[in-house]
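Residue-level structure breakdown
In case you want the letters, here they are:
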Amino acid sequence: MVTNKIFTKKALQLIDKKIKNKKLSQQDSNYLSRFVRPKLRSIEKIDAEYLLKRLDYNPKSISIERKIIQLVMDNILRVSSITLCGSAIQKNYQDYEDIDIIIATENVLPKENKKLITEKIKNLAKKENLNLDIQIYSKMAILQQYPNNPSLIYQLKDSKTIYGKLEIPKKVELSSLDLKMKLDWSEELSNYSQPCEIYYAIRNSLLVKLLLNKMVDNNLLLKNLELSIGKDLISKLKKNKVSPAEKRFVLCYLNSLNRYLNEELKNSKWEKIVIENL
Amino acid sequence: MGKNSDRESLIRTIVNTIVHEIVAEHTNKPESKSFLNYEVIEYRNQTENKAEYYNWNKEDLLFIETKSSEMIEERLKTKYSDVVYPKEEIKRRLKVLVNTLGFK
């Protein structure tokens, strides 16, 4: 018999009876319809594996975050906030390639300075066994572009601010132009393109597809990617190790996805997509 | 991956930079301008990084300019047909970008 903490003893007995094809009374059938099936449908919608990963206590996180704050504060003046995003934070520092960091500064830093500082912090982090992917913007730049920048909206969803405050709006309004522009990033890839470029282009197109459906969900984005091209191919693309046939397949998929999205955007009747509760 | 692959990749970012510059300047959606201008900076940085990687010869440069120009025109025609811009702007912006990248 199935045992768990979600169903009552009576519900479990009925499930068992039904699975073993035993005859159910009208009362039993009603009970299944009213109390068991709705619960199972709700459970189906929950990604327990993902939630468990996020809720898990990982003692490593405190030390990693402390090191990151130290590295940033030692090398950048007038830091407004340090925000961690991407797979490391979404997977609670389990099974990740690098740690994505968005640093917001009070002032605008010159481009060359940014480049030097980024490289310096990255190299220092490597000595601490941390692989960092750093983006530095002024706080003003982040707040100005956030409401129209699909990538930033996705990056800051599920993010964790480990220093200072980054108060972003809870509601955004994206126009079809914002999404068209975002989709440009996935256009014109060819056989000459690197496999990892094709991977990021597909990811980007799927992100636009989710936004068209008013969804900002990094976990769903990953699941969609896995459903579309498979875990194995994702891994090969990221490592630039695909066969010519696999490359043709993903390019074909990308092109048809882009054609569909471009049509959707072209024929859209809406003025703006409003996304709330971010 | 070799030079051809990097050349194609460079053309992609050049096309996106110029298309977004033109749309940002001529769009009738002012609320998107700020984001578009940041996108342009992002694409420009990517373009600069990719351009630095090789010593492009005259043939490469001609190919890059010609193909980029065709693709920009096509993208604006098919995807941003509502954006009105002077035709000579593509060539002008392309020249400025190529010059700042230190190709010539």
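Heads up: the structure comes first, above all this text.
Residues numbered from 1 in each chain as written. Chains lettered and ligands numbered in written order. Predicted model: local features only at pLDDT ≥ 70, side-chain atom pairs only at ≥ 80, totals over all residues.

A word on the overall build of chain B
Across its full length, chain B carries four helices and zero strands. Overall, chain B shows an N-to-C arrangement of helices and strands of α-α-α-α. Seen along its three principal axes, the alpha-carbon backbone of chain B occupies a region of about 40 × 25 × 25 Å. Across the 104 residues in chain B, those meeting the buried criterion constitute 36%. Contacts in chain B between residues at least 24 apart in sequence constitute 77% of all its contacts with a sequence separation of at least 6. (Helix = DSSP H or I, 4+ residues; strand = E, 2+ residues; numbered from the N terminus. Buried ≥ 20, exposed ≤ 12 C-beta atoms within 10 Å, placed from the backbone. Contact = placed C-beta atoms within 7 Å.)

Some details on the sheet that holds strand β4 (residues 160-164) of chain A
Think of a sheet as strands paired side by side through backbone hydrogen bonds, with each pair either parallel or antiparallel. Residues and elements named next belong to chain A. With respect to topology, four strands assemble into an open sheet ordered β3-β2-β1-β4, the strand pairing being mixed. Only two strands of the sheet have a single partner each, and these edge strands are β3 (132-138) and β4. Between one strand and the next, the sheet's axes are offset by a mean angle of 20 degrees, whatever the strand orientation. As paired strands, strand β2 (residues 99-105) and β3 are joined by seven bridges and run parallel to one another. Residue pairing for β3: Thr105 is matched across the bridge by Ser138. Contacting β1 (79-85), β2 and β4, helix α4 (residues 60-75) runs over the sheet at an angle of about 140 degrees to β1. (Pairing = 2+ DSSP bridges. Axes fitted to C-alpha atoms, helices over the stretch in contact; angles between N-to-C directions.)

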